[in-house]
Amino acid sequence: MMPVEEAQDELKHLLSRCERWLCDEDGARDLLDDAAGLAGDAARIEALRTRVLSSMLNVALLGRQSSGKSFLISGLQGGLEYIPITDEDGMPSAEFLGVLPSSARPTTACPCTVIPVGDEPAGTGEGRAMLRARFAGGRVEDIGTDLPPAVVSAYGAVDGDITNRRREHINLRVESIEVLLSDARLPVKLFDLPGSESPIEEHEIIMREAWAKADCFIYVSHATSALTANELQLIRDLYAHHMQSNANKKVLWVLSGIDLATQREQGQAAWKSVLATNNAYLRTHFGGPGGQFIGEGFLPVSAAWEAEGEFKKAQGEDGETLGRLSGMETLREHLRDLMESGAGHAHLRQVADEARWLMRRRQRQLADMLDTHQLAVEDLEVQMGSLRSRIAGAENSLEHIRTELGRELQRRIRSARGPFGGLAELLHQQLDPLIDRGNLSAEHANEVDVLQVQLFSRWMTSPDGPATLWERELRAFDTSARQLLRADLGVDTGSQLVAPEPLDTSYFPMQTDGRQPLTAYGVVQAAANTLGVASPLAAGAVWLTTSLSLATIAVPAGAAVLAAIAIAKVTDLLKDRETQVQRARQERKDMIDEHVRQARSAFERVTQSQGRLLIDAVEQHHAQHQARLKSTLAQIMDRINAEDTVRSRAVIDRLTPVNQTGQALVTELQDLRDALGNDHTGR
Ligand SMILES: Nc1nc2c(ncn2[C@@H]2O[C@H](COP(=O)(O)OP(=O)(O)OP(=O)(O)O)[C@@H](O)[C@H]2O)c(=O)[nH]1
Ligand SMILES: [Mg+2]
């Protein structure tokens, strides 16, 4: 595959040319009656160019409160400043100023995304970091650029003083914030999520979305204390998510704040013992087959050291050593590797697909127009008659196609979900003995959960598993849809006006705008994005399990789960241990049945949504074809009324070169897209 940076560069230039073409460099706009639409397309291409510069990788940060997530994000993007101060007692000290608020108390109040915007200024001014807030109810506002920390905190931190907000925002609830950062050190979008304890419902939706969108995770744990059972639940959710995304999203484990744990204990720096303990902890609880989840284990870093090193360098002192010891560049290298190994290509592919879709739509319009003007005067009447009957025919057939596909979809879903009948039994067989072997302490409960996740994932994707079956059904469904369209609209004979095009599902012009709650429909799209499958229709099982894990296990919404955990805690306290343990075990076994029910209905939801997407794509394709027929008919009528061959000649002369450039751009986008590999490679 083409190296990611080279592809990025090429795509960037190609998009600039597309933008110029759409901005009507050659002055053919007066021939199209959709100037506003053209400008809109040009703006979308510009937005795509920003995306090429920025979000090559989506990374979600997880960890307990005050583990150092926000601090690390500021550091990773070069947005952490070291400021030496002497406090009132004369004690030399230092303060760190980050693009995100961080403090020793619970800080991050709502999900926050840090988005690089290339080397252009972040806001309207010259500033580097622009704060944007999204309020409950969907209102989005740009707050300002390079704001004082107190103002950023007023919007995004638990302990922020809301009187530092703009007056009209004081009584609004902030749902999430975005920081648009120019000159970021990595073209990576970072999701800072509040601790998993966050009780606000809207947050949970945003968090789910962030999990779904993430290409990988950074799990942050503070170097001053080792992992404990308190974190088991979050890590287990992460494990479930990892296992059930077939692409096995990578988790980078980060031990943050090593500068705060340098005192020697048992012959080595304290953070080294914590590191060893943490790695052992992960191996004990999640060290199952493969070991991909743990990877290389914890990476020691100190964003503080790096910032201090930078400060020293600016003072002309030696800052290299601190910079190296900080481990920050090693962490960045890992992220860059992930970009190189597929995620970056996948993002570029999506951008290229969307751009090609937009360009093709415009260019086809020009080509249709050219064809119309090239018709000989004596052919006009015949073509008019033929177009009229094609329009009438297509109008009648749409309803038929819709019904056919709807029926077929239900049949295919039924067939794919067949195996669910046997799932409960399979799980009980393997899990019940394990449940009976312990008292459902946090560790034991975790062991049961981990095995359940392993069994479920393996079962889903086994040769007879629902994910595999669905993948097959979906492919067949796609074939049927294409056949129906072909039978209805005909095929390209090479000589017909408004030649029918094959259904293009590489890009689907219906993205959630992030404001609606993540419905199953949205999950389908988000999960497809995650895996770099440019279109939710392009792959089945690969992402299907991801969506399922979201719906069921990764974010355990079921009260049953919480109840079981509560019971496990109570169990320890009660004297009458035996019967309590029995009851807890029974509850856990019942939970299996509940999980099976949830998984089955999630499967149903996701497959319905995915099937609907395909039907929508067919309808949209149909509508577009119809629009082309109608606009061509209108142009023919114009010509019949005017019969001005001189004008047609002029139109042909002007449009031909513009159309050729457009065609060339579409081809180049396609070639670049092909050079970026297939949906499934590179992961
Ligand atoms: N010296 C030093 N302090 C750090 C480092 N990482 C984090 N801290 C401090 O640890 C505290 C917690 O960091 P935050 O970034 O707020 O932690 P968080 O995980 O975002 O916490 P919440 O937002 O509350 O979930 C802050 O006081 C940071 O200054 C580090 O590498 N070195
Ligand atoms: Mg934070």
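Residues numbered from 1 in each chain as written. Chains lettered and ligands numbered in written order. Predicted model: local features only at pLDDT ≥ 70, side-chain atom pairs only at ≥ 80, totals over all residues.

Here we come to the site of ligand 1. Surveying the vicinity of ligand 1 reveals 24 residues, the closest of which are G68, F71, S102, T108 and A304. Elements that contribute at least two residues to the shell around ligand 1 include exactly α3 (69-76) and α8 (303-314). Take the shell around ligand 1: its biggest share by element is 3 residues, from α3. Residue composition of the shell around ligand 1, grouped by class: 8 nonpolar, 14 polar and 2 charged. (Near = placed C-beta within 6 Å. Helix = DSSP H or I, 4+ residues; strand = E, 2+ residues; numbered from the N terminus. Nonpolar A, V, L, I, M, F, W, Y, C, P; charged D, E, K, R; others polar.)

The next thing to look at is the nonpolar core. V59, A60, L61, V179, V254 and A355 are the most contacted members of the largest nonpolar core, which totals 128 residues. Ranked by residues supplied to this core, first place goes to helix α10 (residues 328-374) with 13 residues. (Core = buried A, V, L, I, M, F, W, Y, C linked by C-beta atoms within 7 Å. Buried ≥ 20, exposed ≤ 12 C-beta atoms within 10 Å, placed from the backbone.)

Glancing now at the packing of α10 against helix α19 (residues 645-675). At their nearest, the axes of α10 and α19 sit 8 Å apart, and the two run at 155° to each other. It follows from the interaxial angle that α10 and α19 lie roughly antiparallel. Viewed along their axes, α10 and α19 form a crossing whose handedness is left-handed. Residue composition of the contact of α10 with α19, grouped by class: 15 nonpolar, 9 polar and 6 charged. (Axes fitted to C-alpha atoms, helices over the stretch in contact; angles between N-to-C directions. Parallel < 35°, antiparallel > 145°, perpendicular 65-115°, else oblique. Left-handed = near helix turned anticlockwise from the far one by under 90°.)

A separate point is unusual backbone geometry. The residue Q266 is not glycine, and still its phi comes out positive at about 45°. Looking at the secondary structure, you find Q266 in the loop between β11 (264-265) and β12 (268-269). Its identity is not glycine, yet L440 carries a phi of approximately 60°, on the positive side.

This paragraph deals with the packing of helix α6 (residues 232-244) against helix α13 (residues 442-461). Two quantities define a packed helix pair, namely the angle between the helix axes and the distance between the axes. Two elements in contact, α6 and α13, have axes separated by 10 Å at closest approach and are oriented at 10°. Taken as axis vectors, α6 and α13 run roughly parallel relative to one another. Here α6 contributes L232, R236, Y239, A240, M243 and Q244 to the contact with α13, which in turn contributes A442, N446, D449, V450, V453, Q454 and S457. (Contact = placed C-beta atoms within 7 Å.)

Here the focus is the pairing of strand β5 (residues 129-135). With 5 of its 7 residues buried, β5 lies for the most part within the structure. Note that β5 and strand β6 (residues 140-145) share 5 bridges and pair antiparallel. Across the sheet, residue R132 finds its bridge partner in β6, namely D142. Taking the residues between adjacent antiparallel strands as the criterion, β5 and β6 are bridged by 4 residues, where G137 takes a positive phi near 100°. (Pairing = 2+ DSSP bridges.)

For strand β1 (residues 57-62), the buried fraction is high: 6 of the 6 residues fall into the buried class. Taking every second residue as pointing to the same face, both faces of β1 are buried, with L57, V59 and L61 on one and N58, A60 and L62 on the other. As paired strands, β1 and strand β8 (residues 188-192) are joined by 5 bridges and run parallel to one another. From the neighbouring strand, L61 faces β8, where its bridge partner is D192. Sheet topology note: the β1/strand β9 (residues 216-222) ladder contains 4 bridges and is parallel. Bridge pairing links L62 to Y219 in β9.

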